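Listed below are the residues making up each chain.
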Amino acid sequence: MKYFVRTYGCQMNVADSDEMSRHLRARGFSATDDPDDASIFLVNTCTVRQHAEDRAFSEIGRLRRWKAARPDRKVVVTGCAAERTRDFLERRFPHVDLVAGARSIESFGAIVDGLLAKRPADESLDYAAGAPDGRVASFVTIMRGCNYSCTYCIVPHVRGRERYRPMDEILAEVRERVEEGVRDVTLLGQTVNSYHRDGRAGRNTDFAGLLASVGAVDGVERVRFISPHPFYMTDGVIDAMATVPEVCECLHLPVQSGSDAVLHAMRRNYTRDGYLEIVGKLRQAMPGIVLSTDVIVGFPGETEDDFRQTLSLLKAVGFDWCFVFKYSPRQGTPAAERSSWPERLVEERHAACLDLAERIGLERRRRLVGTIQDVLVEEGGAGRTRGNYKVRVAGGAPAGRTVPVRVTNTDRATLEAEPVDVTAGALSAAG
Ligand code: SF4
């Protein structure tokens, strides 16, 4: 018995898909890349942008024929759009067997048991241990939900307020992943660094303490985290990044806009100068740190001057990557009540911002050509640097090993490299 998963949206959804996959594997299913082979088709939806929601809905519509070919098959719809539009989904797509919103992820095992209990008796299952999936990198969710209320964002409506997993449970999952072959752990949460921000749960249970504890787990080579909120990038977190050897010198720190007026209208709770001050501290503590960000263009009320301030912030920071999004109004959010800019203007700003971000990123990558980098090799012979650059190693390299390589070239997103003998001596730089 096989299952197929389609995931839309962010890393949180990717991690949720991983978790749901583990529940399915523990119930005797195995993953397939071919939907025709599957008896469960799981669509993990996103509602952050209208486009992502529309794509998921049209896929769910097409599954009517998939299900009709073998009526015992199950269509399962999960994630943020499932949380927000459950009634619509149930009415519009009667071939869907189960709608489980993003808040149900913690009880997905029990929910899936309920679904499988409806199967004919001759299809009852042997419960088997979850199979390792052979990857060297894995997400580990440490918290769910968000206490913020950014005016453009639907996430708090669909995922609820912050809930933290206990540290011992997180560490147990990290050890389990390590036993499966994982070496590179990414801690995941909507505002991941707000983990136990009030410290009420006792010593060493804040985010900085968690970084140190995860880094200390035997077998963990690399620790990353996503997505931090600038408000919680405290000196303690920066210090932990700089001093815990396993924590990688890379950070995706969403800025969204370079204009104070827009940041205020977005209710982001930091200023342009505050953000730049954090970047200054990060670079002082880790001079080679790889930085990336998210930017929204065309936010309601964003003037030409506001937009230019975003461009100037990108130049001031020099991000290695920048993900540029066109503002997408989401019903039920305060920003959606304000009038939007014409599509053409939003398109123009998007193109200009993307062009600048790509030029800066290329310049950053070119600085790495000729340097030595440690690459943790994944299946297929490619791997990642500590800075999370994807690297193709000439001649391939054994999966699961960390090998020193010399960067020889770069294209739009990837580095090319050749293996080196470090004893020969060569210059290195963070990447
Ligand atoms: S911090 Fe803001 S953008 Fe991020 S999930 Fe929370 S409300 Fe959404």
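Residues numbered from 1 in each chain as written. Predicted model: local features only at pLDDT ≥ 70, side-chain atom pairs only at ≥ 80, totals over all residues. Heavy atoms only, no water.

Novice: Go over the overall build of the protein chain with me, naming the residues and quoting the values.
Specialist: A count of helical and extended segments in the protein chain gives 13 helices and 18 strands. The C-alpha radius of gyration computed for the protein chain amounts to 22 Å, which stays within 12% of the reference 22 Å derived for 431 residues, consistent with globular compactness. When the backbone C-alpha atoms are referred to their principal axes, the protein chain occupies close to 65 × 60 × 45 Å. When each of the 431 residues of the protein chain is scored for burial, the buried share is 53%. In the protein chain, 74% of the contacts between residues at least 6 apart in sequence involve partners at least 24 apart. Here the protein chain displays about 19,200 Å² of accessible surface, and carbon together with sulfur accounts for 50% of that area. Separation of charge centres in the protein chain, based on 59 positive and 60 negative side chains, amounts to 3 Å. (Helix = DSSP H or I, 4+ residues; strand = E, 2+ residues; numbered from the N terminus. Rg over C-alpha atoms; globule rule 2.2 N^0.38 Å. Buried < 20%, exposed > 50% of the residue type's maximum accessible area, 1.4 Å probe, protein only. Contact = heavy atoms within 4.5 Å. Areas by Shrake-Rupley, 256 points an atom, 1.4 Å probe, with all protein chains shown as cover. Lys, Arg positive; Asp, Glu negative; His and termini not counted. Charge placed at Lys NZ, Arg CZ, Asp CG, Glu CD.)

Novice: Now, about the side chain of Gln190: what can you tell me, with residues and values included?
Specialist: Residue position: Gln190 is located in the loop between strand E9 (184-188) and helix H8 (207-215). The contact partners of Gln190, leaving out residues within four places of it in the chain, are Met12, Met143, Gly145, Cys146, Val155, Arg159 and Ser227.

Novice: Hey, could you go over the sheet that holds strand E12 (residues 290-297) for me, with residue numbers and the actual values?
Specialist: Taken in spatial order, the 3 strands line up as E11-E12-E13 in an open sheet, and their pairing is parallel. Of all the strands in the sheet, just strand E11 (250-252) and strand E13 (321-326) have a single pairing partner and so form its edges. Going from strand to strand, the sheet's axes swing by 10° on average, the running direction of each strand aside. Judged from the 6 bridges that link them, E12 and E13 form a sheet pairing that is parallel. Following the sheet pairing, Val297 is matched in E13 by Lys326. (Pairing = 2+ DSSP bridges. Axes fitted to C-alpha atoms, helices over the stretch in contact; angles between N-to-C directions.)

Novice: Quick rundown of helix H7 (residues 167-179)? Include the residues and the values.
Specialist: Taking 1.5 Å per residue, 13 residues should reach 18 Å; H7 reaches 18 Å between its end C-alpha atoms and fits that length. Looking only at H7, the buried set comprises Met167, Ile170, Leu171, Glu173, Val174, Arg177 and Val178. On an axial view of H7, the arc spanned by its buried residues comes to 160°, and they lie on one face. Facing away from the buried side of H7 by over 90 degrees, the exposed positions are Asp168 and Glu179. In this structure, the buried residues of H7 make contact with helix H1 (11-25), strand E6 (137-141), E9 and H8. Where H7 ends, the next residue or the one after it, Gly181, has phi of about 110°, a positive value. (Expected span 1.5 Å × (residues − 1). Arc of directions from axis to C-beta.)

Novice: Can you explain the domain arrangement of the protein chain? Please cite residues and give values.
Specialist: By the assigned domains, the protein chain splits into domain 1 (2-123), domain 2 (133-248) and domain 3 (372-424). One C-alpha centre belongs to domain 1, the other to domain 3, and the line joining them spans 36 Å. (Domains from an automatic or database assignment.)

Novice: Could you give an account of the confidence of the model for the protein chain, with specific residues and numbers?
Specialist: Averaged over all residues, the pLDDT of the protein chain equals 88, while 92% of them reach at least 70. The model gives residues 119-133 a pLDDT under 50, and that stretch makes 24 contacts with residues more than four places away or in other chains. (pLDDT = per-residue confidence, 0-100.)

Novice: Outline the pairing of strand E17 (residues 402-410), listing residues and values.
Specialist: Examined bridge by bridge, strand E14 (residues 372-377) and E17 share 5 bridges and lie antiparallel to one another. When the bridges of E17 are listed, Gln373 appears paired with Val405. Note that E17 and strand E18 (residues 414-419) share 5 bridges and pair antiparallel. Each bridged residue has a counterpart across the sheet, and for Val405 the counterpart in E18 is Pro419.

Novice: I'd like a description of unusual backbone geometry, backed by residues and values.
Specialist: In this chain, Ile226 is followed by Ser227 through a cis amide linkage whose omega measures -5°. Phi is positive for Gln256, which is not a glycine, with a value near 75°. Of note in this structure, Asn269 is not a glycine but carries a positive phi near 75°. By secondary structure assignment, the location of Asn269 is in the loop between helix H10 (260-266) and helix H11 (272-285). The partly exposed category is assigned to Asn269, whose relative accessible area is 46%.

Novice: Kindly report on the packing of aromatic side chains, identifying the contributing residues and their values.
Specialist: For the structure shown, the criterion picks out 14 aromatic pairs. These aromatic residues form a ring-pair network of at least three members: Phe4, Phe41 and Trp66. Above the ring of Phe325, the side-chain terminus of Arg49 is found at 4.0 Å from the ring centroid. (Phe/Tyr/Trp six-rings, centres within 6.5 Å; stacked < 30°, edge-to-face > 60°. Lys NZ or Arg CZ within 6 Å of the ring centre and 35° of its normal.)

Novice: Before we move on, could you go through H1 and cite the residues and values that matter?
Specialist: Residues that lie three or four places apart on an α-helix share one face, since the helix turns once every 3.6 residues. Between its first and last C-alpha atoms H1 spans 21 Å; for 15 residues at 1.5 Å apiece the expected length is 21 Å, and the two agree. Among the residues of H1, those classed as buried are Met12, Asn13, Ala15, Asp16, Ser17, Asp18, Glu19, Met20, Ser21, Arg22, Leu24 and Arg25.

Novice: Lay out the pairing of E6 with the relevant residues and their values.
Specialist: Looking along a regular strand, one sees the side chains alternate between the two faces of the sheet. Burial analysis of E6 places 4 of its 5 residues in the buried class, which makes it a mostly covered element. By the bridge criterion, 5 bridges tie E6 to E9 in an arrangement that is parallel. Within the sheet, the bridge partner assigned to Phe139 lies in E9 and is Thr186.

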